[in-house]
Amino acid sequence: MIHRILIETGLAADVLVAAPLMAEPDVAATVPNFRAFDMTGKVVDLSQYRGKTVVLEWNNPGCPFVKKHYGSGNMQKTQAAATGQGVVWLTINSGAPGQQGHMTGPEAQKFVAGVGAKPTAYLLDPKGLVGKGYGAKTTPHMYIIDGKGRLVYKGGIDDKPTADTADIAGARNHVLAALGELRAGKPVSVPETRPYGCSVKYAS
Amino acid sequence: MAAVRFGLMAVLLWLFAGVALAQAPGEQHVDITLVAESEQPAPGSEVTLALASVPQKGWHAYWLNPGDAGLPTRTEWTLPPGATAGEFRYPVPQRLLIAGLMNYVYEGPFAPLVTVKIPAAATGAFPIRLKLNYLVCTDAICVPGKADLSTILQVGDGSVTPARRAQFDAWRAALPRPLGAEGTYQVEGKALRLSIPFPSAAATEGEGYFYPATHGAFDYAAPQKVTRDGDRVVVETGGVKAVGPIEGLLAFGKQGFWIKAVPGTVAGAKAAPAASAPWSAGVLAFLGAVLGGLILNIMPCVFPILSLKALSLAKANAEGGNPRGEALAYTAGVIFVCLALGGILLALRAGGATLGWAFQLQDPRVILVLLLLVTGISFNLAGLFELSAPGFVNRAASKGTGGAFATGALAAFVATPCTGPFMAGALGAALILPWPAALAVFGGLGLGIALPFLLLGFIPPLRRMLPRPGAWMETLRRILSVPMFLTALALAWVLGQQTGVPGMTIGLAAALLATLGLWWTGLRQRRGKALAWLPAALLLVVAVAAAAIVHPEAKASLGSQAFTEARLAELRAQDKPVFAYFTADWCLTCKVNEKAVIETEAVEKAFADHKVGVLIGDWTNGDPVLGRFIEQHNRAGVPLYLWYKPGEAEPRVLPQTLTQAMLRDLAAGG
């Protein structure tokens, strides 16, 4: 009997080890706080934006799906529209060193300037801690946090899961739609969608 | 200005594209070819098309649900008016866990299949065009791909070339089979327990895994525990997100079953994961093996060695030797050989499993080989020929502790052929039990063989109680050949049940051939010729080769026969009503219908009274010929029950749940 308990305990421990260290906040739940360096070496603390709506965008400049939205200017337009409303936009790069899309601070600055991106800050998360804490799976993967620190949207940037720029025109931009609803004091009508894109290139 | 900025942006994007830059634009990382099963599909019929896909090395394409990231393939058809395309059916995918993200992919060649309906009025050229948007990735990068595929078929007689048929049959075999029964699942907190009806008798290979087709049902990367528990499979996993009907693919190795599940109450799996139940079975099997080994000592082929050793032990005792050491060395030798034999068997099992062999007594080939083995043992016991161990073992057995070890090894070695029923039990256990338990069984057998000697070594007075070897042993040996012959007879009967008269005849002929070889060997042994085993070895090879030509006949319980379209046509030509049913070992509904309705006395009597021809199609291994026949009746899988009434062109498709009354009425009316 004792032997069996030991075996089962052993199994449980194995399961814990084998489980990916992914946490994923549910919609309406309070999100975990994080601190990360931005591309200029400044520390950004999520809690400093309490009271404001915050958008998180997972980024990998090498990913064709990210290129779709930056190459067409769609992501920059969405960023400009959001920050124009006083929304905080944090673009996060969880690519591990050596993986596609990983960038150092100066490289990220060059990228942001080059594509004319308009985030409030571009955060570097080479260890994937923020990414895994939020269960970020794809690039892009979008999250919206309300002023009370609760998750109100997670999922794709829009409803056309392709890498084709031509599909942007007819797509519903979930982020802009949710931000509009939040501003109007309405609940977010589509609070969760399936994100699409390349997998986040975490350190394995 | 805007254009300049856009251009600059594009250049920078290319710079940051990193590895992706290395891929020339338009380069494909998966070769996709559109293949039609029939180039001349008949009007009003369906033609199956395949997307024969070959990903480049290091690249993977995605299943219909790609998992945590990736994209399913999107398709856009251009078909002649009136033609319609169905849904793509995907083969069983693979799992690819990259940095905690689960991907459901194909890393090797695969072929999704789809059927296109040809309008009844179609004539002449039938152009098919298919645009694909797909994603193909390596561990590090992803590249979206596009393909514009087209083919022009000619509406005709629906003929299929044999090569094409074989190719499509192989692709069909890789598809999951619809299980035909609904599963239930229960959510407790974040944990999900899914129960899938699955007969306990169905053979499965490899580890079980449930691929959800429904997105958001649960966390893809969460570990799964898949347990077979009686007539069901229980899948337990975590990270549940949403509730609703769940659809997906239950896979065991390359076998796949398509299932749907609805919310319900699901009890936990009774059998603890591969631990407690097999362990208690293992302990029982171990004790049985010890007992079997013990009994083996009085077998004439082992006993002389034992008494020989007992004598040398007495000498050692008298001369102040080390009887305990000798006894332990002997025990070690016996157990070593038994474990080695077990190890070889387990290695064979592992090798066989990778080749897709399932070791089952239901397989007539296994029965035939057992028949040959038992026949050989019987004739050995009857004295037709002798078994002798290699000379070096005999020489090593002569003296000392090393000698004791070798004698033990020799005893076990020599014992192997005459272990008969005991060894067969251990053999069976070795093929079924998990490997540690299987090895324990072989170890137990060895311990049993060594036990008397071990006792003699530690309790010298027992030596006097040992019977003397003599002529009585030869007599005993001859007598023991009788139960062995009876075992052979029983095996021949089983073979006959499985394969009918032709199969049994092949089996008996093979046994005769093997016996002739052994007899010849016995004659050569008596004349002291070299290479005495040559004729036996040759003829045994031929006899074992006969295993290749025995095939299972459908399990006949009511004068039923295996389904073939030719046999069906024959019976219908005789104006007989025909009940054709299609079943599989993994189909619980089928088994329930068979036990409760078809194989009951009342139904069998009604069928016999009205001379109903019964044909059984066994789809357990996904036989493609049966698969096509089943599909022709608008079913994707089993169960399928067809009733052919004389004079009616088309069969009646009976409901999936049969009743005795229904079949009796049909028999009476047909």
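The structure contained in this document is the topic of the report that follows. (Residues numbered from 1 in each chain as written. Chains lettered and ligands numbered in written order. Predicted model: local features only at pLDDT ≥ 70, side-chain atom pairs only at ≥ 80, totals over all residues. Heavy atoms only, no water.)

## A word on the overall build of chain A
The test is simple: Put simply, DSSP H or I for four residues or longer makes a helix, DSSP E for two residues or longer makes a strand, and each gets a number counted from the N terminus. Throughout, the Shrake-Rupley method with a 1.4 Å probe supplies accessible areas, and for residues the shown protein chains are the sole cover considered.
From N to C terminus, chain A includes 6 helices and 9 strands. If you sum the accessible surface of chain A, you get close to 8,700 Å²; carbon and sulfur atoms cover 59% of it.

## Thoughts on the pattern of salt bridges
Residues and elements named next belong to chain B. Heads up, the rule is: Any carboxyl oxygen of Asp or Glu that lies within 4 Å of a side-chain nitrogen of Lys or Arg is treated as forming a salt bridge with it. A simple rule labels every residue: compare its accessible area, found with a 1.4 Å probe on the protein chains alone, to the largest value its type can have, and call it buried under 20%, exposed over 50%, or partly exposed in between.
Counted according to the given criterion, the structure contains 24 salt bridges over all chains. For the salt bridge of Arg164 with Glu39, the shortest nitrogen-to-oxygen distance reads 2.9 Å. Separated by 125 residues along the polypeptide, Arg164 in helix 2 (residues 162-173) and Glu39 in the loop between strand 1 (30-36) and strand 2 (46-55) bring together distant segments of the chain. Here Arg164 falls in the partly exposed class, since its relative accessible area comes to 22%. Taking relative accessible area as the criterion, Glu39 reaches 32% and is therefore assigned partly exposed. Close ionic contact of Asp585 with Lys591 constitutes a salt bridge, the shortest N to O distance being 3.8 Å. Each of the salt bridges in this network shares a partner with another, and the network as a whole consists of Glu37, Arg165, Asp169, Arg172 and Arg628.

## Things to note about the state of the cysteines
Residues and elements named next belong to chain B. The criterion, for reference: In this description, the term disulfide denotes a pair of cysteine sulfurs within 2.5 Å.
Evaluation of the coordinates by the stated rule reveals 3 disulfides over all chains. With its sulfur 2.2 Å from that of its partner, Cys137 forms a disulfide with Cys142. Measuring handedness by torsion sign, the sulfur bridge of Cys137 and Cys142 sits at about 105° and is right-handed. With relative accessibility at 1%, the residue Cys137 sits in the buried group. Here Cys587 connects covalently by a disulfide to Cys590, the sulfurs 2.1 Å from one another. What sets the handedness of the Cys587 and Cys590 disulfide is the S-S torsion sign, and at about 85° it is right-handed. The class for Cys587 is buried, based on a relative accessible area of 0%. Take Cys590: its relative accessible area is 0%, and that puts it in the buried class.

## Details of the sheet that holds strand 5 (residues 84-85) of chain B
Defined as follows: Pairing between two strands requires that DSSP report at least two bridges joining them.
One open sheet accounts for 4 strands, arranged 1-2-8-5 (chain B); its pairing is antiparallel. Each end of this open sheet is capped by a strand with a single partner; those strands are strand 1 and strand 5 of chain B.

## Considering the side chain of Arg172 of chain B
Residue and element names in this part refer to chain B. As a reminder of what qualifies: Counting of polar contacts relies on pairs of N or O atoms within 3.5 Å, with two restrictions inside protein: one atom must be capable of donating a hydrogen and the other of accepting it, and residues adjacent in sequence are counted only when both atoms are side-chain atoms.
With respect to the element layout, Arg172 can be found in helix 2. Judged by its relative accessible area of 12%, Arg172 is buried. Among the polar contacts made by the side chain of Arg172, one reaches the side chain of Thr48 at a distance of 3.3 Å.

## Section: the layout of surface pockets
All names here are of chain B. Just so we agree on the cut-off: Here a cavity denotes a set of grid points, spaced 1 Å apart and computed over the protein atoms alone, in which a 1.4 Å probe fits but from which it cannot get out, and a pocket denotes an open set meeting protein on both sides within 12 Å along at least five of seven lines; residues with an atom within 4 Å of a point are reported as lining. Grid points are joined across faces, edges and corners, and a volume is the space filled by probe spheres set on the points.
Here the second largest pocket defines a volume of roughly 1,100 Å³. Taken together, 39 residues make up the lining of the second largest pocket; nearest its centre are Thr48, Arg89, Thr115, Arg172 and Glu631. Looking at the lining of the second largest pocket, the elements with two or more residues in it are strand 2, strand 3 (60-67), helix 2, strand 11 (177-188) and helix 16 (624-632). No other element matches the 5 residues that helix 16 contributes to the lining of the second largest pocket.

## Looking at the sheet that holds strand 3 (residues 54-58) of chain A
Residues and elements named next belong to chain A. Heads up, the condition is: Helix axes are fitted only over the stretch in contact, all axes being lines through C-alpha atoms; the angle between N-to-C directions runs from 0 to 180 degrees.
Pairing in this open sheet of 7 strands is mixed, and the strands run 2-1-5-4-3-7-8 from one edge to the other. At either margin of the open sheet sits one strand with a lone partner, and together these are strand 2 (43-45) and strand 8 (151-155). Within this sheet the neighbouring strands show an average axis-to-axis angle of 30°, counted without direction. Summarising the sheet, strand 1 (residues 35-38) and strand 2 pair through 3 bridges and their orientation is antiparallel.

## Examining empty space enclosed by the protein
By rolling a water-sized probe across the atoms, one finds the places where empty space is left. Here is the rule: Polar here means any residue outside two lists: the nonpolar Ala, Val, Leu, Ile, Met, Phe, Trp, Tyr, Cys and Pro, and the charged Asp, Glu, Lys and Arg; Gly therefore counts as polar.
Applying the stated criterion across every chain yields a total of 2 cavities of 30 Å³ or more. Empty space within the largest cavity amounts to approximately 130 Å³. What lines the largest cavity is a set of 13 residues, among which Ile32, Ser53, Thr73, Phe110 and Tyr134 of chain B lie closest to the centre. Among the secondary structure elements, those contributing two or more residues to the lining of the largest cavity are strand 1, strand 2, strand 3 and strand 9 (125-137) of chain B. Here the lining of the largest cavity gets 3 residues from one element, more than from any other, and that element is strand 9 of chain B. Class assignment for the residues of the lining of the largest cavity results in 11 nonpolar, 2 polar and no charged. When its volume is computed, the second largest cavity comes out at roughly 40 Å³. As for the second largest cavity, its lining consists of Asn59, Asn60, Asn93, Ser94, Gly95, Gln100, Gly101, Thr139, Val200 and Lys201 of chain A. Here the residues of the lining of the second largest cavity sort into 1 nonpolar, 8 polar and 1 charged.

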